[in-house]
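In case you want the letters, here they are:
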Amino acid sequence: MTKSAKASISTKKISDPICEQTALLYQRAMRATRGGPLFNAFPYPTKISPEAIALFIAVHTKPGDVVFDGFAGSGTTGLGTLLCANPPKSLKLEAEKLGLKVNWGPRKAVLYELSVLGAFISNVLCNPPDPVEFEAAAEQLLKEVEENFGCFYGAIDPDGGHGKIRYVVWSDVILCSGCKKRSTFWDGCVTRSPANISRNFHCPHCDCSTALDKLTRIMETVECNAADGRQKTRLRRMAWVYGVTNGKTWSRPATKQDASVFRKIDAEEIPASVPRARIPWGDLYRAGYHEGISELKHFYTRRNLIVFGRLWEAVDRFPPHLHNALRFWLLSYNAAHSTLMTRVVAKKGQSDLVVTSAQPGVLYVSGLPVEKNIFSGVRRKLKTILSAFRQTSGFNGLVEVRNASCLSLDLESKSIDYAFTDLPFGGNIPYAEVNYLNEVWLGRITNQNDEVVVSQNQNKSLADYTFLLEKALGEVSRVLKDNRSVTLVFHSSTANVWNALATACNGAGFSVNIASVLDKTQASFKQVTADGAVRGDPVLLLTKQARRPQTNVVDVWKVAEELVQQATFTGESNELSPQRLYSRLVSYYLSRDQSVPIDAAEFYCRIAERLGEHGCTATN
């Protein structure tokens, strides 16, 4: 396999003004880490590291140019623009490693984001307050509230001393199908050394074993709001307590003494700052674990709802110009860590269960939800946010964020030099529904009318999605200057969604000029678990030009065979993974204006044997 043969399948003639640099940028999978303060300041689904985006911006633009993103999400394109103005040493070294000769310096970015939460995150991160003033206010706010409510997390350690809770594992209560007695999910399914969560429930009363999904979860009747009266929700019990005393961590089973603290908590009123809001369930509702969850408060323990509400109301006691940054800090911890969506998992070789945050892109509540100490959590989170603010402060005004639909842009025609955007992936994530738990605290909810998504709940079909996507890309084409480019990142496991993207691009007057892959070092939850998931998001470089006549369509397995040969030639094992090969396959067809002929799941089923024929081993 020659280098020219390698290039023949991945690129075409490039019509970008800086074609040599563009070829270097797209010729290999771009590494996109999922770490650092800018990435970790606020959890948001399907983010791309701003450092990776900065390299695309730096190659496709020069100082003074205007960058556009119509699906800005949490603002990483804006952050990438700011990094071009003040590139860290690591970013410069990465550019040099790739052979990129770029002109660092200030650009301007214009971001459109339909989501209330996404626009809020983008604006705060890209236009932060003075870090010193913010830190002082955050520390004072935390001190004031913790002085009054820190006792909520008090606990007796195993030696009888006074400690504090780090987190508590709660457990659903299960009805045994044999003896008809109640016991907890924890007692029937969990071991700690080694860590394991069994799919079979072993009743501690009668020792019978039953598949967990065949058993009944016990419900309890609770008071709801005045309109709804009483309703049923899952009955949970405290199972295991993890704490700390004088810097020494400990854990023990929950006791009646732990439950006694709730008498004090029950006597405390829910703060007025807590939204009295119903959950507008849509595509993410699952009867199996959302039963009884109809209001915001049902996603929290009463303890955490009160504490978060007290922190939230305390923001108003500080100068108005700090309000958004303080709320950003609190919300960065809220849905992912303060709610019952936090959970424990069992990892192979671990001597205890591992606590992890809420799964991004879903609203999953497990049978073993975790209640974290919010004071400890937001204190830790403050360090990350301060690091992010320090990195972007001093460049306010370079990034303009508009909480608006990109289907109709209030921008002059041919006013944009380059666009980079991570498009919504069909029906993969209903962002408006996912973001609700944070947006309701802000008091503003995303208008779903212009949400570009495939959604049964919103009555938006694949055809509707294609129409909306074409309309959005048509606006990008209008505001983009002649002979300039658009970089799209996209992800799907189904051919019809890829072909919807191709239809939208062509309808908007764009053609795929070159294709590559964004190599995320850690796959998202849906990329790991979804049937036929794709790891590595194809990156498409679009240019404004008429659709070219289709050449003869090459058989999918002939393309796959050449891709396997190329992957072997690179010597990089991850290029031989079925997921990466599918991303390359998609890129091949789209860059030739041809329909993607196969879904990921079918491709994975058949590629393994073909890899074996070449003496290759598939990697995961």
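See the structure shown above.
Below or above, wherever it landed, is the structure these notes cover.

What counts, and where the lines are drawn
- Residues numbered from 1 in each chain as written.
- Predicted model: local features only at pLDDT ≥ 70, side-chain atom pairs only at ≥ 80, totals over all residues.
- Heavy atoms only, no water.
- Helix = DSSP H or I, 4+ residues; strand = E, 2+ residues; numbered from the N terminus.
- Rg over C-alpha atoms; globule rule 2.2 N^0.38 Å.
- Buried < 20%, exposed > 50% of the residue type's maximum accessible area, 1.4 Å probe, protein only.
- Areas by Shrake-Rupley, 256 points an atom, 1.4 Å probe, with all protein chains shown as cover.
- Lys, Arg positive; Asp, Glu negative; His and termini not counted.
- Charge placed at Lys NZ, Arg CZ, Asp CG, Glu CD.
- Axes fitted to C-alpha atoms, helices over the stretch in contact; angles between N-to-C directions.
- Parallel < 35°, antiparallel > 145°, perpendicular 65-115°, else oblique.
- Left-handed = near helix turned anticlockwise from the far one by under 90°.
- Contact = heavy atoms within 4.5 Å.
- Nonpolar A, V, L, I, M, F, W, Y, C, P; charged D, E, K, R; others polar.
- Pairing = 2+ DSSP bridges.
- Phe/Tyr/Trp six-rings, centres within 6.5 Å; stacked < 30°, edge-to-face > 60°.
- Lys NZ or Arg CZ within 6 Å of the ring centre and 35° of its normal.
- Polar contact = N/O pair within 3.5 Å; in protein donor to acceptor, adjacent residues only side chain to side chain.

As a further point, take the overall build of the protein. For the protein, the count of helices and strands is 22 helices and 23 strands. In summary, the protein has a C-alpha radius of gyration of 26 Å against a globular reference of 25 Å for 620 residues, a match within 12%. Each principal axis of the C-alpha distribution contributes one length, and for the protein these read about 75 × 60 × 45 Å. Out of the 620 residues belonging to the protein, those deemed buried represent 56%. Accessible surface, the protein: about 26000 Å² in total, of which carbon and sulfur atoms supply 49%. Positive and negative side-chain charges of the protein, numbering 73 and 61 respectively, have mean locations separated by a distance of 3 Å.

For the rest of this paragraph, the subject is the packing of helix 8 (residues 131–149) against helix 13 (residues 323–338). For any two helices packed against each other, one specifies the inter-axial angle together with the distance between the axes. At their nearest, the axes of helix 8 and helix 13 sit 10 Å apart, and the two run at 60° to each other. Taken together, the axes of helix 8 and helix 13 are oblique relative to one another. By crossing handedness, the relation of helix 8 to helix 13 is classed as right-handed. Here Phe-134, Ala-137, Ala-138, Leu-141 and Leu-142 of helix 8 lie close against helix 13, whose contacting residues are Ala-325, Leu-326 and Trp-329. Of the residues belonging to the contact of helix 8 with helix 13, the class tally is eight nonpolar, no polar and no charged.

Walk down a regular strand and you will see the side chains alternate between the two sheet faces. Across the 10 residues of strand 21 (residues 480–489), seven count as buried, placing the element largely inside the fold. Taken together, the six bridges between strand 20 (residues 416–422) and strand 21 define a ladder with parallel strand orientation. By the bridge assignment, Ile-416 is partnered in strand 21 with Leu-480. Relative to strand 23 (residues 537–544), strand 21 is paired through five bridges, and the arrangement is antiparallel. Each bridged residue has a counterpart across the sheet, and for Val-486 the counterpart in strand 23 is Leu-542.

What follows covers the packing of aromatic side chains. Taken as a whole and judged by the stated rule, the model has 26 aromatic pairs. For the ring pair Phe-328 and Phe-389, a centre distance of 5.9 Å and an interplane angle of 40° mean the geometry is tilted. Note that Phe-328 is positioned in helix 13 and Phe-389 in helix 14 (residues 374–392), a separation of 61 residues in sequence. By relative accessible area, which is 0% here, Phe-328 ends up buried. When the ring of Phe-425 is compared with that of Phe-490, the centres are 5.5 Å apart and the planes differ by 80°; the resulting orientation is edge-to-face. Taken together, the residues Phe-425 in the loop between strand 20 and helix 15 (431–434) and Phe-490 in the loop between strand 21 and helix 18 (495–507) connect sequence positions 65 residues apart. Judged on exposure class, the residue Phe-425 and its partner Phe-490 are both buried. Over the aromatic face of Phe-39 sits the side chain of Lys-47, whose NZ or CZ is 4.4 Å from the ring centroid.

Looking at the element boundaries, Asp-258 is found in helix 10 (residues 256–267). On the accessibility criterion, Asp-258 (7% relative accessible area) is buried. There is a polar contact of 2.7 Å between the side chain of Asp-258 and the side chain of Arg-252. In this view, Asp-258 contacts Ala-155, Met-238, Val-241, Arg-252 and Pro-253; residues no more than four positions away in its chain are not counted.

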